[in-house]
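In case you want the letters, here they are:
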Amino acid sequence: MIAAQALTDMAPGFADLALDAQRTFRRLMDSMAKPGRVTDLDVLVSPPVPGFEAAGAIALALLDFETPVWFPDDADGRRLANWVRFHCGCPVTTDPAAAAFALAGPHNVPQIDHFNAGDAKYPERSTTLLIVCPALVGGAAIDLTGPGIAEPLSIAPAGLSAAFWGAVAQDRARFQLGVDLVLTCGTQIVGLPRSTRISPSSAKGK
Amino acid sequence: MAESEMQQGQEVVEARQRAHALVARNPQETVRALFESLPDLPATQRLRPSETGLIMVRGRIGGDGARFNLGEMPVARATMQIANGTVGVGYVIGRDHDHAELAALADAMVQDPAWRDVLEQHILVPLAEQQAAREALEARKAAATKVEFFTMVRNRGPK
Amino acid sequence: MAYVSVKGGERAIDNAHRWLDEKRRGDPGVAEIEVAQIREQLSLAVDRVMAEGSCYDPELAALALKQARGDVTEAIFLLRAYRTTLPRFGMSQAVSTKDMAVQRRVSAAFKDIPGGQILGPTFDYTHRLINFDLADTGPDTKATLASKPLADQMPTIASVFAHEALLETPEADPADGSEPYDLTREPMAFPAGRDQRLQALARGDEGFLLSLAYASQRGWGNTHPLCGEIRMGNVVVEFQPEELGFPIEVGEITVTECQMISNFEGSAERPPQFTFGYGLVFGHNERKAMSMAIVDRALRHAEVGEAPAHAVQDEEFVLYHSDNVEASGFVQHLKLPHYVDFQAELQFIRRLRREWQAARAPGDGLSEAAE
């Protein structure tokens, strides 16, 4: 466990505990029901690391003492961990396999297969991974299919490597196990639940 | 040096535990009256909204064995930041946010050298005295109900 | 099973609730009872509501009793419903009953228990005669004060005999660091661990546990308990917030603890010794703590090689039926409209009667069969 730090300069959490959490939850739920669509959470929180606005709001809405959370072990990760632990009372873990949630920045996207994929009896115990991207457009195009996607849909979030997407596709091959992904940038999010199948875009590729 | 820093850290932790316990375990009205008797208090702001939640109280099987969950209890939580940036945390049984905020204020003041002595002298010492007096009173009532067994010796007189 | 929604009762329900409010208030010529009066003067009812409501809050339990017109089970339901509206901050450190500020501590098994027999505020030696003086304002009696307070710590009965290993030592926390079972988070599962059983019993219905304990004493069970120790008083609750990283005291609660002793005649692996049943309850409630300890011991039959033969030894029976909110809900839901069920049963019974009558009509059945 990362030791508790001094609480000075602690950034505030939600202005309205109940309503902001409910709004964030509702929009996250819609976003997971309609994978690949960009949703603006439209909630003002200022986590100690810029860019984590949406990821921070989701953490504030969902985490509590029963949800161990993983952060990269670097300066930003520790600042975020301290902030999230303060507001949510959640344990912070350095073991990805023990994490119910994980928050990662654009520069240190972790290995997907290090996280908890759930098990046959409790698939819902897998890790939900929140990844902050530099932008939700401008990257390599990825085709999405699966529940909640009626028309052909592709996304092109920036900052994620082909190797990352390969690992995600592999993770999804073992559905109903697997991690759930939420890509974020600023206050915007894109839900990519484990039910969404992923492939490099056939339209633009090669 | 690292060791002495750790020792200092331990001292701070113990001071914070003592201050918090004295505020949490004395009636809110008593604590409030003592704080209000101070000529000056640090400026404060709430770092997160004060809130009521639950703690699951645990016991141990047989009194000292494995833990089990006994039942829940409402707890008020507050987090107060004072002018120099120090943050205090308060968790107090019940649903009284004012009480939790006083605990958080005491926790912040005990960490701040500018306030530590004022807190000790005007708040903590009187609270410790009142608590000790209250506990002694209860313990004296209990002691009065202690059974003093005596055995009657019956001497058989000579026939 | 089918449900049909029937509308039209709203006005009747509103008016029923208004009348209920009037009934709760009773004769307006009599002063309205205050929550503080319930909390202070009906404190054992308050304790029971907190214990079975599984929520330690005397103020709320008193309010629930007022709202429920003194119906204890209804008040327990209100408290259970309230707790679901609050977030959970976490789990306390285990309370230390050996450090209890003891108000009462007696051992029926061991007269010379170190620390002594402390009777405390008990009904036990009263004559159970109605005190008509209380019909008016009661006497303003003050407790007697001894010149010296009790010692801070009372040795437990286990510690007294520890050196002889005559009493079993309870199992320690699991070595794998797993957290105790929590039935507010996980569904009931069997076989149940002792942690799960004790949590269920601590919030279980006092009357149900009392009857089970009584039955087990009378022969529908295999316990021959002696009351090793009962203690009641205040314990400190400590909690370690994630953001602090060290535990802090958040307050005191009153609890009642009971250690019931039963013989164990030994097995190939274990020498003969005394075994314990354990009871721990919010508030002052010895009847409940003792019943809990007897039922706990009865449920440990497998550990001591006793053949289960009675209801009190069947953990599914005991744990599934000890919760009075569930029990009350399931029994009382029968008051709700079952119009469709009854229509179906009516048709069924009418058909059976027609068939029965047809079969008994003289000649008919036989002649039909013959044709």
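Coordinates for the structure precede this section.
Let me sum up the structure you'll find in this document.

About the cut-offs
- Residues numbered from 1 in each chain as written.
- Chains lettered and ligands numbered in written order.
- Predicted model: local features only at pLDDT ≥ 70, side-chain atom pairs only at ≥ 80, totals over all residues.
- Axes fitted to C-alpha atoms, helices over the stretch in contact; angles between N-to-C directions.
- Helix = DSSP H or I, 4+ residues; strand = E, 2+ residues; numbered from the N terminus.
- Parallel < 35°, antiparallel > 145°, perpendicular 65-115°, else oblique.
- Contact = placed C-beta atoms within 7 Å.
- Nonpolar A, V, L, I, M, F, W, Y, C, P; charged D, E, K, R; others polar.
- Pairing = 2+ DSSP bridges.
- Left-handed = near helix turned anticlockwise from the far one by under 90°.
- Buried ≥ 20, exposed ≤ 12 C-beta atoms within 10 Å, placed from the backbone.

### Quick look at the packing of helix H3 (residues 43–53) of chain C against helix H4 (residues 58–67) of chain C
All names here are of chain C. It is at 9 Å that the axes of H3 and H4 come closest, and there the two elements cross at 105°. Looking at the two axes, H3 sits roughly perpendicular to H4. Seen from H3, the contacting residues are Ala-45, Val-46, Val-49, Met-50 and Gly-53; seen from H4, they are Pro-58, Ala-61, Ala-62, Ala-64 and Leu-65. Each residue belonging to the contact of H3 with H4 can be placed in one class, and the counts come to nine nonpolar, one polar and no charged.

### Description of the interface of chain C and chain A
Listed as interface residues are nine residues of chain C and, on the opposing side, ten residues of chain A. Residues that form the side of chain C that touches chain A fall into these classes: four nonpolar, two polar and three charged.

### Things to note about the interface of chain C and chain B
If you look at the interface, chain C gives 64 residues, while chain B gives 49 residues. In terms of residues, the side of chain C that touches chain B owes the most to one element, strand S4 (residues 248–264) of chain C, which gives seven residues. Of the residues contributing to the side of chain C that touches chain B, the split by class is 36 nonpolar, twelve polar and 16 charged. As judged from the four bridges shared by strand S1 (residues 44–60) of chain B and strand S1 (residues 88–94) of chain C, these two strands associate in the parallel manner. Its bridge partner lying in S1 of chain C, Arg-58 of chain B is registered against Ala-94 of chain C.

### Re the packing of helix H2 (residues 28–36) of chain B against helix H4 (residues 113–144) of chain B
For any two helices packed against each other, the geometry is given by the interaxial angle and the distance between the axes. Residues and elements named next belong to chain B. For the pair H2 and H4, interaxial distance at closest approach is 9 Å and the crossing angle is 150°. Considering the angle they form, H2 stands roughly antiparallel to H4. As for how H2 packs across H4, the hand of that crossing is right-handed. Within the contact between the two elements, H2 uses Thr-30, Val-31, Leu-34 and Phe-35 and H4 uses His-122, Ile-123, Pro-126, Leu-127 and Gln-130. Grouping the amino acids of the contact of H2 with H4 by side-chain chemistry returns six nonpolar, three polar and no charged.

### Here we look at the environment of Ala-36 of chain C
Examined against the element boundaries, Ala-36 of chain C turns out to sit in helix H2 (residues 35–41). In this structure the C-alpha to C-alpha distance between Ala-36 of chain C and Leu-145 of chain C, which are 109 residues apart in sequence, comes to 26 Å.

### Examining the pairing of strand S8 (residues 180–185) of chain A
All names here are of chain A. Among the six residues of S8, five are classified as buried, and the element is accordingly described as predominantly covered. Here strand S5 (residues 128–132) runs beside S8; their pairing, made up of five bridges, is parallel. Bridging from a neighbouring strand, Thr-128 pairs with Asp-180 of S8. Note: S8 against strand S9 (residues 188–192), five bridges, orientation antiparallel. Looking at S9, one finds that Cys-185 is bridged to Gln-188. Hairpin remark: S8 followed by S9, antiparallel, with two residues in the connecting loop; positive phi at Gly-186, about 60°.

### Focus on the sheet that holds S9 of chain A
Residues and elements named next belong to chain A. If you trace the seven strands from one edge of the open sheet to the other, you get S1-S9-S8-S5-S4-S2-S3, paired in mixed fashion. Whereas interior strands pair on both sides, the edge strands pair on one side only; in this sheet they are strand S1 (38–40) and strand S3 (92–93). Sheet strands in contact with helix H1 (residues 17–33) are S1 and S9, and its direction is about 45° off that of S9.

### With respect to the sheet that holds strand S7 (residues 153–155) of chain A
All names here are of chain A. Within the open sheet, the three strands sit side by side as S7-S6-S10. Their pairing is antiparallel. The open sheet has two edge strands, S7 and strand S10 (197–200), and neither has a second partner. The mean inter-strand angle of the sheet, taken between neighbouring strand axes irrespective of direction, is 35°. The pairing of strand S6 (residues 142–145) with S7 spans three bridges and is antiparallel. Its bridge partner lying in S7, Asp-143 is registered against Ser-154. Packing of helix H4 (residues 162–172) onto the sheet brings it into contact with S6 and S10, and relative to S10 it is tilted by some 145°.

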